[in-house]
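Structural overview
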Amino acid sequence: MRVAANLTMLFEEAGSLLQRYEVAADAGFKCIEISSPYGVEAEQLRDVQEKLGLELVQINSPPAGMTPTDVPRVQSEQVFVENLTFAAKRLAEEGIICLIEPLNHHTVPGYFLSSYEQALGYLQTIKQPNLKIQLDTFHTQYICGQLTKTIKDLSQHIGHVQVAQVPDRHEPHSSGEINYDYVFKLLQDTGYDGFIGAEYIPEKSTTAGLGWIDKYGLSL
């Protein structure tokens, strides 16, 4: 499995997002993901990406997803399903996977999509082959804690994986609750061969904490 650097959270010490592209490439990354690129013109991002030979494997839509307090839940779900159906079909025309990601309420209070049962229900309702679940093990541990069962149950529906240690959201090999030797083997054993998004807060500098990639037998 190959690791993609999340440039919203990694290499913050380098400065601007465009500068992070440069530093990530210098660190050996070939693949990147971006949670929030909307402060930079798309053309600028494309140009620096192409210049450095980087592959963009994941990008978040603009921030949204908080549960409205003045709208009935059933109405919110109807709008969510309609919008998600439109997005998945439009992305399918371009050969792009559409991802939905449950987030835990401890880190993101009030977030609309907060369980894997809920996410799976939307996949079953919409029935769009390119609609997948983004599984962030940091959020999974907070949401339900059953990493083995969750990964096995969702194995046919996982389109992208992100990792961080719990509770401090540092590198996977830092001190915490999750045994990543086990988790990465489990992902391989269940047939996952996609990217691993490095979406964590470096404990020190980003480059000082990249030893986990070799430790767990992953590649750039």
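Since we're looking at a predicted model, the values are computed, not measured. (Residues numbered from 1 in each chain as written. Predicted model: local features only at pLDDT ≥ 70, side-chain atom pairs only at ≥ 80, totals over all residues. Heavy atoms only, no water.)

Re the packing of helix α1 (residues 17–26) against helix α2 (residues 42–52)
Between α1 and α2, whose axes approach to 10 Å, the crossing angle comes to 15°. The orientation of α1 relative to α2 falls into the category roughly parallel. Handedness of the crossing formed by α1 with α2: right-handed. Contacts between α1 and α2 pair L17, L18, Y21, E22 and A25 from the former with Q44, L45, V48, Q49, K51 and L52 from the latter. Classifying every residue of the contact of α1 with α2 by side-chain character gives seven nonpolar, two polar and two charged. (Axes fitted to C-alpha atoms, helices over the stretch in contact; angles between N-to-C directions. Helix = DSSP H or I, 4+ residues; strand = E, 2+ residues; numbered from the N terminus. Parallel < 35°, antiparallel > 145°, perpendicular 65-115°, else oblique. Left-handed = near helix turned anticlockwise from the far one by under 90°. Contact = heavy atoms within 4.5 Å. Nonpolar A, V, L, I, M, F, W, Y, C, P; charged D, E, K, R; others polar.)

Some words on helix α4 (residues 116–126)
Every buried residue of α4 is listed here: Y116, Q118, A119, Y122, L123 and I126. Looking straight down α4, one finds that the buried residues subtend no more than 160° of arc, so they occupy a single side. For α4, the exposed residues lying more than 90 degrees away from the buried face are E117 and T125. Residues of α4 that are buried sit in contact with α3 (73–93), β4 (98–100), β5 (131–136), α5 (137–143) and α6 (147–154). Where α4 starts, the residue carrying a side-chain oxygen 3.0 Å from the main-chain nitrogen of Q118 turns out to be S115. Backbone geometry just downstream of α4 places K127 in the positive-phi region, at approximately 55°. (Buried < 20%, exposed > 50% of the residue type's maximum accessible area, 1.4 Å probe, protein only. Arc of directions from axis to C-beta. Polar contact = N/O pair within 3.5 Å; in protein donor to acceptor, adjacent residues only side chain to side chain.)

Details of the UniProt feature "active site" (unreviewed entry) in the protein chain
As annotated by UniProt and renumbered to match this structure, "active site" (unreviewed entry) occupies E101 and E199. These annotated residues cover 99 residues of sequence, and their C-alpha atoms lie no more than 13.2 Å from one another, placing them together at a single site. Taking the relative accessible area as the measure of exposure, E101 reaches 13% and is therefore buried. Dropping the residues within four chain positions of it, E101 is found in contact with Y111, L113, Q134, D136, H139 and Q162. A relative accessible area of 8% means that E199 is categorised as buried. A distance of 3.1 Å separates a polar atom in the side chain of E199 from a polar atom in the side chain of S35. (UniProt positions renumbered as here; feature names shortened; annotations may be inferred.)

Description of the environment of K89
The topology assignment puts K89 in helix α3. Each C-alpha atom, one on K89 and one on I126, is 9.9 Å from the other, the two residues being 37 residues apart in sequence.

Some details on the pairing of strand β2 (residues 31–34)
Side chains C31 and E33 project from β2 onto one buried face, and the interleaved I32 and I34 project onto a second face that is buried too. Summarising the sheet, strand β1 (residues 2–6) and β2 pair through two bridges and their orientation is parallel. Among the inter-strand pairings, N6 is bridged to a residue of β2, identified as E33. With respect to chirality, the unit in which β1 leads through α1 into the neighbouring parallel β2 is right-handed. Strand direction decides the pairing type here: β2 and strand β3 (residues 55–59), joined by four bridges, are parallel. Of the residues in β3, the one forming a bridge with C31 is E55. Handedness of the β-α-β unit built from β2, α2 and β3 comes out right-handed. (Pairing = 2+ DSSP bridges. Right-handed = clockwise from strand over helix to strand, strands pointing away.)

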